[in-house]
Amino acid sequence: MAHYLVTGGAGFIGSNFVRSVVDDTDHTVTVLDKLTYAGNTASLDGLPENRVDLVVGDICDTELLDGLVRGADVVVHFAAESHNDNSLNDPSPFVDTNLVGTFALLEAVRRHGARYHHISTDEVYGDLELDDPERFHETTPYNPSSPYSATKAGSDLLVRAWVRSFGVEATLSNCSNNYGPRQHVEKFIPRQITNLIDGVHPKLYGAGQNVRDWIHVDDHNSAVLRIIEAGRIGETYLIGADGEMNNKAVVEMILRLMGHPADAYEHVTDRPGHDLRYAIDSTKLRTELGWTPRYTHFEDGLAATIDWYRANEAWWRPMKQATEAKYAKTGQ
Ligand code: NAD
Ligand code: TDX
């Protein structure tokens, strides 16, 4: 039994991770979360109080980190500003949280010693052509496009330097696009599901030819637990579930699953610098650590996600209006 410090544990992937830790291990968890617009205490509802506690605070707060990291065996770092569109409107919090915050956390881990796992994204590798036979792998050169992905790339490099220079016991993972319950309605899939519930057409950026490599959040988290358990210190593992699909096909699938004509969507202003395609080769994780995803059929996982949003309107409703007001300003 170990004590986990989970940063960003009131966000989408972090809160699902805490649920996986409670369900699949006997570890205890402290969540450290600033509760930004993306953090939601309702995402932690129903978790056992003797296993999980929440500390509301900032990963840039060195003094707070000292106490929390001292008491932890394992630190799993999910906290981030995570949305590309927001990073184009105001990059400043991305630099603060993703770069300065990761630096502060690494320094606390260096002072107190803990096993550290760093959560990152495939976006650090830039994008691929649609017909490129190569996918991203652990040695693909970094080439981030947006302020979001640039700050995530920088945070990854800090972790690698802290391993090599200071002997911090860290592993890293770079995962593809997650979907599933408790994802903020600013993100592509929940935005379209909740738009349809509200009688609004889904919004496709540009022509909708951009490809993302979808993975269910529970598969991302089972991989993270496996890496913490058996991953080699200093190593990076790419997490993906062979789920490549273009945005137009995803919107058409959502429309069909929700009982609407497949062409009942709108094209809106494209994202500046929009990455064309992400694709993950997760051979290393699968062969070295024996991980496999559970959700191998995207349509089933998507249908279950639609059911979740239909059943949990109280969770997403409070954030919907402000999110759409933000998009309206950029014509998206
Ligand atoms: P999210 O935006 O849903 O959650 C982020 C959480 O971090 C929120 O609860 C927020 O309150 C918290 N937070 C933000 N700034 C903080 C700070 N300064 N101090 C403490 N807490 C802070 O994000 P998500 O989609 O769950 O992503 C989690 C992690 O996974 C991020 O590191 C992201 O880069 C990475 N990732 C996400 C995806 C994806 O598809 N969503 C894919 C690969 C990697
Ligand atoms: O309304 C929309 N219409 C649309 O066509 C929105 C919100 C998005 N899109 C497109 C843009 C992308 O091509 O859908 C795709 C997915 O968009 P997002 O959900 O914003 O995800 P993306 O930019 O791909 O980044 C996500 O995956 C990698 C996460 O937000 C990141 O945190 C993660 O690192």
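Residues numbered from 1 in each chain as written. Chains lettered and ligands numbered in written order. Predicted model: local features only at pLDDT ≥ 70, side-chain atom pairs only at ≥ 80, totals over all residues.

### Structural notes on the confidence of the model for the protein chain
Okay, so step 1: Across the protein chain, the average pLDDT comes to 98, with 100% of residues at 70 or higher.
Okay, so step 2: Of the two predicted TM-score estimates for the complex, the pTM is 0.99 and the ipTM is 0.99. (pLDDT = per-residue confidence, 0-100.)

### Some thoughts on the packing of helix 8 (residues 247–257) against helix 10 (residues 298–311)
Okay, so step 1: Running from N to C, helix 8 and helix 10 cross one another at 55 degrees; their axes reach a closest spacing of 10 Å. With respect to each other, helix 8 and helix 10 are oriented oblique. Helix 10 is crossed by helix 8, and the crossing has right-handed handedness. Across from Met253, Ile254 and Leu257 in helix 8, the residues of helix 10 making contact are Glu299, Leu302, Ala303 and Ile306.
Okay, so step 2: In the contact of helix 8 with helix 10, the residues fall into six nonpolar, no polar and one charged. (Axes fitted to C-alpha atoms, helices over the stretch in contact; angles between N-to-C directions. Helix = DSSP H or I, 4+ residues; strand = E, 2+ residues; numbered from the N terminus. Parallel < 35°, antiparallel > 145°, perpendicular 65-115°, else oblique. Left-handed = near helix turned anticlockwise from the far one by under 90°. Contact = placed C-beta atoms within 7 Å. Nonpolar A, V, L, I, M, F, W, Y, C, P; charged D, E, K, R; others polar.)

### Describing the site of ligand 1
Okay, so step 1: Among the 32 residues in the neighbourhood of ligand 1, the closest are listed as Gly8, Gly11, Ala38, Gly39 and Ala80.
Okay, so step 2: Elements with a contribution of two residues or more to the shell around ligand 1: helix 1 (12–24), strand 2 (28–33), helix 4 (92–112) and strand 5 (115–121).
Okay, so step 3: Taken together, the residues of the shell around ligand 1 break down into 13 nonpolar, 14 polar and five charged. (Near = placed C-beta within 6 Å.)

### Quick look at the sheet that holds strand 2
Okay, so step 1: Pairing within the open sheet is parallel, and its seven strands lie in the order 3-2-1-4-5-6-11. The sheet terminates laterally at strand 3 (52–56) and strand 11 (236–239), the two strands that pair on one side only. Sheet twist, expressed as the average angle between the axes of neighbouring strands with direction ignored, equals 20 degrees.
Okay, so step 2: As paired strands, strand 2 and strand 3 are joined by five bridges and run parallel to one another. The residue of strand 3 that forms the bridge with Val31 is Leu54.
Okay, so step 3: With respect to the sheet, helix 4 is in contact with strand 1 (3–7), strand 4 (74–77) and strand 5, its orientation differing from that of strand 4 by roughly 170 degrees. (Pairing = 2+ DSSP bridges.)

### Details of the UniProt feature "domain: NAD(P)-binding" (unreviewed entry) in the protein chain
Okay, so step 1: According to UniProt, the "domain: NAD(P)-binding" (unreviewed entry) feature falls on residues 5–302.
Okay, so step 2: In this annotation, residues 5–302 is assigned 39% helix and 17% strand; the end-to-end C-alpha distance for the span is 30 Å. (UniProt positions renumbered as here; feature names shortened; annotations may be inferred.)

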